[in-house]
Amino acid sequence: MLTQRPDQSGIDLGLARLKRLAPQGYALGLHIRFASAHIMVQTYDPAWIERYTTRGYMLCDPLVSWGFSTTGTMRWSALEFPDPHNVLGQAAEFGLNYGVAVSCGPLSSRTIGGLARSDREFTDEEIEQIFETVKLLHEESTPPESLTDAQRHALRLVASGSRYAEAAALLGISESALKARLKSARERLYARTTAEAIQRAQEYKLL
C-alpha cells in the first residue's frame, strides 16, 4: 500500500527529460481514470492546445484510441487508427510533424502520451528512452490508496459545506491547522485546489 506521497522531484526530473526528448512539445496524461487524468501535462504550442481542447479532439484522437487499445510505443506515421477529423494533419500546422505515441499501465489506470518533433522521426533509441521515462513517471505518480484520518476528516467537513472556521471548531483545531491539513491533502492528491482534492478523493473512494 502506498503510504507516502510520490517523490515530486522524481516526477519533475522525468518531465524535464521528456521536454528535452520532444523539442516540439508533448502531452501526457498520467493514470487516466474515469475519463480524467490524475496528472495532465501539456507543453505543445498553446494555440494547438486551445484548438484541441475547444473542439473536443480527445474523443476522436487516434493517439488516444491507440493508447487505450494497447501498451507500448508507436510512431505517429505508423498509426492505422481512423482520424476522421484529421487531428494529426492539423497538429502538423503547429510544427508537430513527427511524433511518437506511448501507453503503459493497466486499462483501469492507463497513462497515455504523445511527443513531437518538427524536423525528423524519433530514433529507436529516443523512443526507448521515452518509454522508460514514461513508465517511471507512471510508477512515481500512482494515486494514493489512502489518506490520513486528519486529511480525510478535513476534506469531509469542507465537502459537506462547512466554512474553514466552522470545520476547525468541529475538529477542535485552529483554522491554520485545518488549512495545513487541507494543503497536505492537496499535495497527496496532486490537486491544485481543495475542491479538486475533494473530487479526486471521492473518485478514488478515499472519503
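Just so we're clear, the structure is a prediction, and the values are computed from it rather than from any experiment.

Novice: How should I be thinking about the pattern of salt bridges in this particular structure?
Specialist: Applying the stated rule across the entire model yields ten salt bridges. Among the ionic pairs, Arg51 bridges to Glu93, the shortest N-O distance being 3.3 Å. Of this pair, Arg51 sits in helix 2 (residues 46-54) while Glu93 sits in the loop between helix 4 (87-92) and strand 4 (98-104), and the two are 42 residues apart along the sequence. Arg192 is the partner of Glu196 in a salt bridge, and the nearest nitrogen-oxygen pair spans 3.3 Å. One network of salt bridges, with partners in common, ties together Arg117, Asp119, Arg120 and Glu126.

Novice: Hey, could you run me through helix 9 (residues 194-203) in this one?
Specialist: The periodicity of an α-helix, 3.6 residues per turn, causes residues three or four positions apart to be oriented the same way. Taken together, the buried positions of helix 9 are occupied by Thr194, Glu196, Ala197, Ile198, Arg200 and Ala201. Buried-residue contacts for helix 9 involve strand 2 (36-42), helix 6 (149-159), helix 7 (164-171) and helix 8 (175-189).

Novice: What am I meant to see in the sheet that holds strand 5 (residues 110-117) here?
Specialist: In sheet architecture, strand pairing relies on hydrogen bonds along the backbone and comes in two forms, parallel and antiparallel. In spatial order, the strands read 2-1-5-4-3; together these five strands make up an open sheet with antiparallel pairing. Two strands lie at the open edges of the sheet, namely strand 2 and strand 3 (72-75), each paired on one side alone. Direction aside, neighbouring strands of the sheet carry axes that sit 10° apart on average. When strand 4 meets strand 5, the two strands line up antiparallel, connected through seven bridges. Across the sheet, the residue bridging to Val100 is Leu115, located in strand 5. Along the sheet face, helix 5 (residues 124-140) touches strand 1 (26-33), strand 3, strand 4 and strand 5 and points at about 35° away from the line of strand 4.

Novice: For this particular structure, what's the right way to read the nonpolar core?
Specialist: One recurring pattern in soluble globular proteins is that nonpolar side chains are buried together. One finds Leu18, Tyr26, Leu28, Leu115 and Ile130 to be the most contacted residues of the largest nonpolar core, which totals 20 residues. Elements with a minimum of two residues in this core: helix 1 (8-21), strand 1, strand 2, strand 4 and helix 5. Sequence-distant contacts of Leu115, defined by excluding residues within four places in its chain, comprise Leu18, Ala22, Gly25, Tyr26, Tyr44, Trp76, Tyr98, Gly99, Val100, Val102, Phe122 and Ile130.

Novice: Looking at this model, I keep getting lost on the environment of Ala169. Mind explaining?
Specialist: Looking at the secondary structure, you find Ala169 in helix 7. On the basis of relative accessibility, which here comes to 58%, the residue Ala169 falls in the exposed class. Put simply, Ala169 and Thr193 are 24 residues apart on the chain and 22 Å apart in space, counted from C-alpha to C-alpha.

Novice: What should I look at first to understand the pairing of strand 5 in this one?
Specialist: Working note: regular strand, side chains alternate between the two faces of the sheet. In terms of residue burial, strand 5 counts as a mostly covered element, since eight of its eight residues are buried. Note: strand 1 against strand 5, five bridges, orientation antiparallel. Along strand 5, the bridge assignment pairs Gly29 with Ile112.

Novice: What's the story with the confidence of the model for the protein chain in this structure? I'm lost.
Specialist: Keep in mind that low pLDDT regions are not for reading the predicted coordinates in detail. Considering every residue of the protein chain, the mean pLDDT works out to 92; 96% of them sit at 70 or more. Counting contacts from residues 1-7, a segment whose pLDDT is below 50, to residues more than four positions away or on other chains yields 19 contacts.

Novice: Explain unusual backbone geometry to me, please; I cannot follow it from the model alone.
Specialist: Peptide bonds are trans in most cases, and residues, glycine excluded, mostly fall at negative phi. In this structure, Asn86 is a non-glycine residue whose phi angle is positive, near 55°. Looking at Asn86, the relative accessible area reads 43%, which means it is partly exposed. Positive phi is not limited to glycine here, since Tyr190 has a value of about 55°. Take Tyr190: it is sitting in the loop between helix 8 and helix 9.

Novice: Sorry, what's going on with helix 5 here?
Specialist: Between the first and last C-alpha of helix 5 there are 24 Å, a value that for 17 residues agrees with the 24 Å anticipated at 1.5 Å per step. Of all the positions in helix 5, only Glu126, Ile127, Ile130, Thr133, Val134, Leu137 and His138 are classed as buried. All buried residues of helix 5 fall inside an arc of 140° around its axis, so they share one side. Pointing more than 90 degrees away from the buried face of helix 5 are the exposed residues Asp124, Glu125, Glu128 and Glu139.

Thresholds, definitions, all that
- Residues numbered from 1 in each chain as written.
- Predicted model: local features only at pLDDT ≥ 70, side-chain atom pairs only at ≥ 80, totals over all residues.
- Heavy atoms only, no water.
- Salt bridge = Lys/Arg side-chain N within 4 Å of Asp/Glu carboxyl O.
- Helix = DSSP H or I, 4+ residues; strand = E, 2+ residues; numbered from the N terminus.
- Buried < 20%, exposed > 50% of the residue type's maximum accessible area, 1.4 Å probe, protein only.
- Contact = heavy atoms within 4.5 Å.
- Pairing = 2+ DSSP bridges.
- Axes fitted to C-alpha atoms, helices over the stretch in contact; angles between N-to-C directions.
- Core = buried A, V, L, I, M, F, W, Y, C linked by side-chain atoms within 4.5 Å.
- pLDDT = per-residue confidence, 0-100.
- Expected span 1.5 Å × (residues − 1).
- Arc of directions from axis to C-beta.

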